[in-house]
Amino acid sequence: MQIQLKINGKDTSVDVAPNTLLVQLLREHLNMTGTHVGCDTAQCGACTVMKDGHAVKSCNMLAAQAQGADITTIEGLAQADGTLHPMQAAFKECHGLQCGFCTPGMVLSSIDLCNKHPNASSTEIRELLEGNICRCTGYQNIVKSVQQGRAGMASAK
């Protein structure tokens with residue numbers, strides 16, 4: 001079946017089997033490997049992308065469900081000149097990553113979190129990120145990253 005969608009600002013048309021997951025479309029058909037496959041059960045958040053401005057777990061969504069959608073992956077966040085999105089920059093500056101496996105999903109979930117809950121406390125940030133698992137950090141630097149990223153996003157508006 002033919003899927004028409006916008007990925008990272010680019011109109012895209014892909015022919016896939018009806019049972020193709022969005023994560024498979026991104027990784028296997030479009031070679032966008034920044035979206036990671038962790039658990040295959042929508043528990044870890046490594047596969048998180050933005051669909052029409054909201055974080056979704058792409059391992060739990062058929063590509064057909066993204067028909068006509070605007071999808072943003074980690075590859076689409078930085079500007080064309082390489083300038084990082086404020087949330088990406090914050091994760092780098094605050095050491096909110098270690099191995100990096102969860103980072104793409106964590107960054108995209110954090111952007112959605114800040115858009116929906118711009119005044120979230122550190123406790124609320126931890127609760128709101130519960131769908132994204134990091135096995136390396138103690139989350140302290142992730143929380144700092146979200147707070148700094150939120151400030152950067154606000155000043156960029």
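Keep in mind it's a predicted model, so treat the numbers as computed, not measured.

**Q** Go over the side chain of His-36, please, and point to the residues and values.
**A** Within the secondary structure layout, His-36 lies in the loop between helix H1 (22-29) and strand E3 (48-51). In this structure the side chain of His-36 is engaged in a polar contact, spanning 2.6 Å, whose partner is the backbone oxygen of Phe-101. If sequence neighbours within four positions are ignored, His-36 has contacts with Val-23, Arg-27, Ala-46, Cys-47, Gly-100, Phe-101 and Pro-104.

**Q** Tell me about the environment of Glu-75, and please be specific about residues and values.
**A** Of note, Glu-75 is situated in the loop between strand E5 (70-72) and helix H2 (86-93). On a C-alpha basis, the gap between Glu-75 and Lys-51 in space is 14 Å, while along the polypeptide they are 24 residues apart. Apart from residues lying up to four places away in sequence, Glu-75 is in contact with Asn-8, Met-32, Thr-33, Gly-34 and Thr-35. Within the local environment of Glu-75, its side chain forms a polar contact with the backbone nitrogen of Thr-33, the two atoms lying 3.4 Å apart. Within the structure, the side chain of Glu-75 is placed 2.8 Å from the backbone nitrogen of Gly-34, a separation counted as a polar contact.

**Q** A description of the side chain of Ser-58 should follow, citing residues and the corresponding values.
**A** With respect to the helices and strands, the residue Ser-58 is situated in the loop between strand E4 (54-57) and E5. By relative accessible area, which is 0% here, Ser-58 ends up buried. Within polar-contact distance, the side chain of Ser-58 engages the backbone oxygen of Cys-47 at 2.6 Å. Look past the residues within four positions of Ser-58 in its chain and what remains in contact with it is Leu-21, Leu-22, Val-23, Thr-35, Cys-47 and Val-49.

**Q** So, the packing of H2 against helix H5 (residues 140-156): which residues are in play, and what are the values?
**A** Running from N to C, H2 and H5 cross one another at 145°; their axes reach a closest spacing of 8 Å. Considering only the axes of H2 and H5, their crossing is right-handed. On H5, the residues that touch Pro-86, Met-87, Ala-90, Phe-91 and Glu-93 of H2 are Ile-142, Ser-145, Val-146, Gln-148, Gly-149, Arg-150, Gly-152, Met-153 and Ala-156. Residues that form the contact of H2 with H5 fall into these classes: 8 nonpolar, 4 polar and 2 charged.

Rules behind the numbers
Residues numbered from 1 in each chain as written. Predicted model: local features only at pLDDT ≥ 70, side-chain atom pairs only at ≥ 80, totals over all residues. Heavy atoms only, no water. Helix = DSSP H or I, 4+ residues; strand = E, 2+ residues; numbered from the N terminus. Polar contact = N/O pair within 3.5 Å; in protein donor to acceptor, adjacent residues only side chain to side chain. Contact = heavy atoms within 4.5 Å. Buried < 20%, exposed > 50% of the residue type's maximum accessible area, 1.4 Å probe, protein only. Axes fitted to C-alpha atoms, helices over the stretch in contact; angles between N-to-C directions. Left-handed = near helix turned anticlockwise from the far one by under 90°. Nonpolar A, V, L, I, M, F, W, Y, C, P; charged D, E, K, R; others polar.

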